[in-house]
Amino acid sequence: MKVTFPANASPASQVAALFLLFMPFSGVAQIAPIRGYPPAQWGKQADLEGRLRALADASRIRQYMEQMAAKPHPAGSPQSKAVAQYALGLMKEWDLDAHIETFEGLIPYPTTRALEMVKPVYYEAKLQEPHIAADRDSDTADQLPPYNAYSASGDVTAPLVYVNYGLPEDYELLKTLGIDVKGKIVIARYGGSWRGVKPKVAQEHGAIGCLIYSDPHEDGYYRGDVYPRGAFRPEQGVQRGSVMDMALHTGDPLSPGWASEPGSKRLTIAEAATLMKIPVLPISYGDAKPLLENLSGPVAPPPWRGSLPITYHIGPGSATVHLKVDFDWSTRPVYDVIATIPGKEFADQWIIYGNHHDAWVYGASDPISGASSLLETARILAALHKAGWQPKRTIVLALWDGEEFGLIGSTEWVEKHKAELNRKALVYLNSDSNGKGTLAAAGSHTLEKFLTEVLRDVADPSTRKVLLETLRQDGGSNDAAPAELSLGPLGAGSDYVAFLDHVGIASLNLGFGGSDSVGVYHSVYDSLAWYQRFSDGDGAYGRALTQLMATSIARLSDSSLPPFEYVRLAQTLQVYTEQIQKQVARSGGNVEFGDIVAELARLMVRAKSYEEALDGALARVDEIPTDRLRRMSEAIYQTERALTLPQGLPGREWYKNQIYAPGLYTGYGAKTLPGVREAVEAGRWTEANQQAEAVTGVLHTLNDQLERLTKMLREK
């Protein structure tokens, strides 16, 4: 069911219609358990959520997209501010309490970009994405050209060396071949890890410049027809992107750990640890081909070969290139749009949902598809609130700016409100790009049971099966029982990082999509024309994301007690521990895991006792005073804070979480039990044992909190 109103319907008549919508169904709804609610409330909550999902409107989502993706709007630009003001206007129109919070960040724009091969033949790189007649939005007049933000300024000429994906293991192979990149310019292909890892490793090995190109094997004609005939990257398409070293910290490079606002303290550029020390430039495979085909040296091994019609050589040799880049290193404003729906009973407990609104160019897929679903979620929650629904907890909706440069808007907001978030934030929900395809879900293991139940109640728009069934882990037949959801851990791909890793707030990252979007990722061709032809043109998956997020928010905000669960956490941490133990055994090292294993065994016992106590508390929830329920709820979500330590991880104190973090050399990819795991991978055995003690400490704190919490739930 989709609810629409005539264009001339008055606000009063719309509200009246929504009141009618709240009347119970005449039929009998199927009632399934909902974690955090007493059985007597399951039916009422399921009824409310069903009616809420019916309000989601795909046509409205398309309207938001058409407005926000109409012009290039990178962070720091007037167009980004205009997008924020458009979203703010909608939220105010829906009677939400909304405002813009403005921060500042070091946001460099390019002033010089030049790349030429000077030997053995001359070639001047185009460094430009051409206009495609079939896509009017590909006009390049008012866009930032392709570049890598936070590259160093530089003017260098040197022999070229091909380094595959440019990861540490690739340099190990180069070492066996006797190839040294010191004093050279390296060329790496996108893929295998986050882009910022490539220049980071290059500079660590003495390279003086880094080129990153999109090989057609990863996102071009090897994958399918290229744009505009197909969805994939055309010959001169370029992937822009930040190369900030986000494994050290996210946000403004000049204000690590504190909010960057007018007049606030700032480091100098020389002091900023997350900036690259060498010039970096992204290029197309059209510009990469002449460079690569003029390399000499050994033939690249098969895993290093892409899909260009050349023999891949490594170099160095006669191929010598000149690279020059420079930037306007200005501090620019970023605009976060924040809206709230106040909670009735637990106003000081927050459910937060965010998606960013800034884009490298038009950003129809990344991020406007997800931002539009957030706006539609805001609209339907606001409509229900206007019609009389009063959530128990406060709902905070956020459209972040500056995500593409390094999660600037979300990080600065978290750093400003850190003390308040530490007290009040129950869960952070995040989305980013969204499109036609399967659901991707990752997040805190304490939320696996919760999300399993939500996915049981929301349908996939293509298959009409519930989302949980489409994500079954057992690969069984269509009539098999839905499997328990297993969440992957979060790394550093989007705006959840500051919430989860810096403050310790349980987080989820959700969104639909397929592989096609990689072909226009961070290019001028991520446009409305591309999105309508090759992704979610009818808005069905935008509507599904809205339904998923609105259901999650309503369920979290109205639960009698937060739906955290610890048995799966204990089981998964045991798996992570065993993985590292096996790695230690293979490496011949010596790390003491006995205390971690003992705390995990204790955690399993505590988790099962907690489940019994929770069931008992929910069975008599009507007898528990509101103030006591408030204290119980806070004690539950504060268990996630127990997984953090003030001193953070070795060499990167901003990252406080001892269970999840982006890897130092994986970027987007997560490292679990990161302090221990990365020390073991590097063979730093003293550090590994110290980090094992740190993990033991947070698990001990968690166990103590669970023990006290269980007693609190059992008190009559």
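Before reading on, note that the structure itself is shown above.
Predicted model, so just to flag it, every value in this text is computed and none were measured.

Novice: How should I be thinking about the overall build of the chain in this particular structure?
Specialist: Scanning the chain for helices and strands turns up 22 helices and 18 strands. Summarising its shape, the C-alpha atoms of the chain cover approximately 80 × 70 × 60 Å along the three principal directions. The buried share of the chain, reckoned over its 716 residues, is 61%. Nonlocal contacts in the chain, meaning residues at least 24 apart in sequence, comprise 80% of its contacts between residues at least 6 apart. In the structure as shown, the chain presents an accessible area of about 25,600 Å², 52% of it carried by carbon and sulfur atoms. Across the chain, the mean location of the 70 positive side-chain charges is 3 Å away from that of the 84 negative side-chain charges.

Novice: Help me understand unusual backbone geometry in this model?
Specialist: Leave glycine aside and you will find that most residues have negative phi; peptide bonds, for their part, are mostly trans. Pro120 follows Lys119 through a cis peptide bond whose omega is 0°. Mapped onto the secondary structure, Pro120 falls in the loop between strand 2 (109–119) and strand 3 (123–124). With omega at 15°, the peptide bond leading from Tyr227 into Pro228 counts as cis. Along the chain, the position of Pro228 falls in the loop between helix 7 (216–219) and strand 8 (241–242). Positive phi values are uncommon outside glycine, yet Arg464 reaches one of about 65°. The topology assignment puts Arg464 in the loop between helix 13 (448–456) and helix 14 (467–470).

Novice: What is the right way to read the sheet that holds strand 5 (residues 154–162) from this model?
Specialist: Two strands in a sheet stick together by hydrogen bonds in their backbones, pointing the same way (parallel) or opposite ways (antiparallel). Sheet architecture is open: seven strands sit in the order 3-2-10-5-6-7-9, paired in mixed fashion. Only two strands of the sheet have a single partner each, and these edge strands are strand 3 and strand 9 (280–283). Note: strand 5 against strand 6 (residues 185–189), three bridges, orientation parallel. The residue of strand 6 that forms the bridge with Val161 is Val186. Running at roughly 150° to strand 7 (residues 209–213), helix 6 (residues 197–204) makes contact with strand 6, strand 7 and strand 9 of the sheet.

Novice: Honestly, the side chain of Ser284 in this entry has me stumped. Any pointers?
Specialist: Here Ser284 is to be found in the loop between strand 9 and helix 8 (285–293). A distance of 3.4 Å separates the side chain of Ser284 from the backbone oxygen of Glu235, its partner in a polar contact. For Ser284, the side chain forms a polar contact with the main-chain nitrogen of Gly286, separated by 3.3 Å. When sequence neighbours within four positions are dropped, the list of residues in contact with Ser284 reads Tyr213, Glu235, Gln236, Gly237 and Val238.

Novice: Just checking my understanding: could you explain the pattern of salt bridges for this structure?
Specialist: Side chains bearing opposite charge may pair, as long as their charged atoms lie close to each other. Overall, the coordinates contain 33 salt bridges when judged by the stated rule. Among the ionic pairs, Glu101 bridges to Lys416, the shortest N-O distance being 3.8 Å. Placement of Glu101 in strand 1 (residues 97–106) and of Lys416 in helix 11 (residues 408–416) is noted, with a sequence separation of 315 residues between them. Overall, Lys416 belongs to the partly exposed group, its relative accessible area being 41%. Here Glu218 ties to Arg189 by a salt bridge, and the two come within 3.3 Å at their closest N and O atoms.

Novice: Help me understand the sheet that holds strand 16 (residues 507–513), please; the structure alone is not making it clear to me.
Specialist: Taken together, the seven strands give an open sheet; going across it, the order is 1-11-13-12-14-16-15, and neighbouring strands pair in mixed fashion. Bordering the open sheet on either side are strand 1 and strand 15 (438–443), each of which pairs with just one other strand. Averaged over all pairs of adjacent strands, the angle between strand axes in this sheet comes to 20°, irrespective of strand direction. When strand 12 (residues 346–356) meets strand 13 (residues 393–400), the two strands line up parallel, connected through eight bridges. Following the sheet pairing, Ile352 is matched in strand 13 by Val396. Across the face of the sheet, helix 9 (residues 364–386) comes into contact with strand 11 (331–341), strand 12 and strand 13 while running at roughly 150° to strand 12. Packed on one face of the sheet, helix 11 meets strand 1, strand 11, strand 12 and strand 13 and runs near 105° to strand 1.

Novice: Is there a simple way to think about the environment of Tyr171 in this case?
Specialist: Summarising the element assignment, Tyr171 is placed in helix 5 (residues 168–176). Judged by relative accessible area, which is 5%, Tyr171 ranks as buried. Considering only alpha carbons, one finds Tyr171 and His205, 34 residues apart in sequence, at a separation of 8.2 Å. Beyond its immediate sequence surroundings of up to four residues, Tyr171 is in contact with Val163, Gly166, Val181, Val186, Val201, Ala202 and His205.

Novice: What is the right way to look at the packing of aromatic side chains in this model?
Specialist: Remark: the centre distance and the inter-plane angle together describe each pair of aromatic rings, the angle taken between the planes. Per the stated rule, a full pass over the model turns up 20 aromatic pairs. With a centroid separation of 6.1 Å and an interplanar angle of 45°, the aromatic rings of Tyr147 and Phe327 are classed as tilted. In this pair, Tyr147 sits in the loop between strand 3 and strand 4 (148–149) while Phe327 sits in strand 10 (residues 320–328), placing the two residues 180 residues apart along the sequence. Between Tyr150 and Phe405 the ring centres are 6.2 Å apart and the planes differ by 80°, which places this aromatic pair in the edge-to-face class. Within this pair, whereas Tyr150 is found in the loop between strand 4 and strand 5, its partner Phe405 is found in helix 10 (residues 403–406), the two being separated by 255 residues in sequence. Relative accessible area serves as the criterion here: at 0%, Tyr150 is assigned to the buried category. Site record: aromatic cluster; members linked through ring pairs are Tyr147, Tyr150, Phe327, Trp329, Trp360 and Phe405. Positioned above the aromatic ring of Tyr655, the side-chain terminus of Arg652 is 5.4 Å from the ring centre.

Novice: Please clarify how the packing of helix 18 (residues 567–587) against helix 21 (residues 674–681) should be interpreted in this entry.
Specialist: Each pair of packed helices can be summarised by the angle the axes make with each other and by the distance between the axes. Helix 21 packs onto helix 18 with a crossing angle of 15° between their chain directions and a minimal axis gap of 10 Å. With respect to their mutual orientation, helix 18 and helix 21 come out roughly parallel. In this structure, the crossing between helix 18 and helix 21 has a hand that is left-handed. In this structure, helix 18 contributes Tyr576, Gln579, Ile580, Gln583 and Val584 to the contact, and helix 21 contributes Val676, Arg677, Val680 and Glu681. Within the contact of helix 18 with helix 21, the residues separate by chemical class into five nonpolar, two polar and two charged.

Novice: Can you walk me through the pairing of strand 12 in this structure?
Specialist: Look at any regular strand and the pattern is simple: side chains alternate between the two faces of the sheet. In terms of burial, strand 12 is largely enclosed, as nine of its 11 residues are buried. Taken together, strand 12, helix 9 and strand 13 form a β-α-β motif whose crossover is right-handed. Where strand 12 lies against strand 14 (residues 425–430), five bridges are found, and the strand directions are parallel. Pairing of Gly354 across the sheet is with Asn430, part of strand 14.

Rules behind the numbers
- Residues numbered from 1 in each chain as written.
- Predicted model: local features only at pLDDT ≥ 70, side-chain atom pairs only at ≥ 80, totals over all residues.
- Heavy atoms only, no water.
- Helix = DSSP H or I, 4+ residues; strand = E, 2+ residues; numbered from the N terminus.
- Buried < 20%, exposed > 50% of the residue type's maximum accessible area, 1.4 Å probe, protein only.
- Contact = heavy atoms within 4.5 Å.
- Areas by Shrake-Rupley, 256 points an atom, 1.4 Å probe, with all protein chains shown as cover.
- Lys, Arg positive; Asp, Glu negative; His and termini not counted.
- Charge placed at Lys NZ, Arg CZ, Asp CG, Glu CD.
- Pairing = 2+ DSSP bridges.
- Axes fitted to C-alpha atoms, helices over the stretch in contact; angles between N-to-C directions.
- Polar contact = N/O pair within 3.5 Å; in protein donor to acceptor, adjacent residues only side chain to side chain.
- Salt bridge = Lys/Arg side-chain N within 4 Å of Asp/Glu carboxyl O.
- Phe/Tyr/Trp six-rings, centres within 6.5 Å; stacked < 30°, edge-to-face > 60°.
- Lys NZ or Arg CZ within 6 Å of the ring centre and 35° of its normal.
- Parallel < 35°, antiparallel > 145°, perpendicular 65-115°, else oblique.
- Left-handed = near helix turned anticlockwise from the far one by under 90°.
- Nonpolar A, V, L, I, M, F, W, Y, C, P; charged D, E, K, R; others polar.
- Right-handed = clockwise from strand over helix to strand, strands pointing away.

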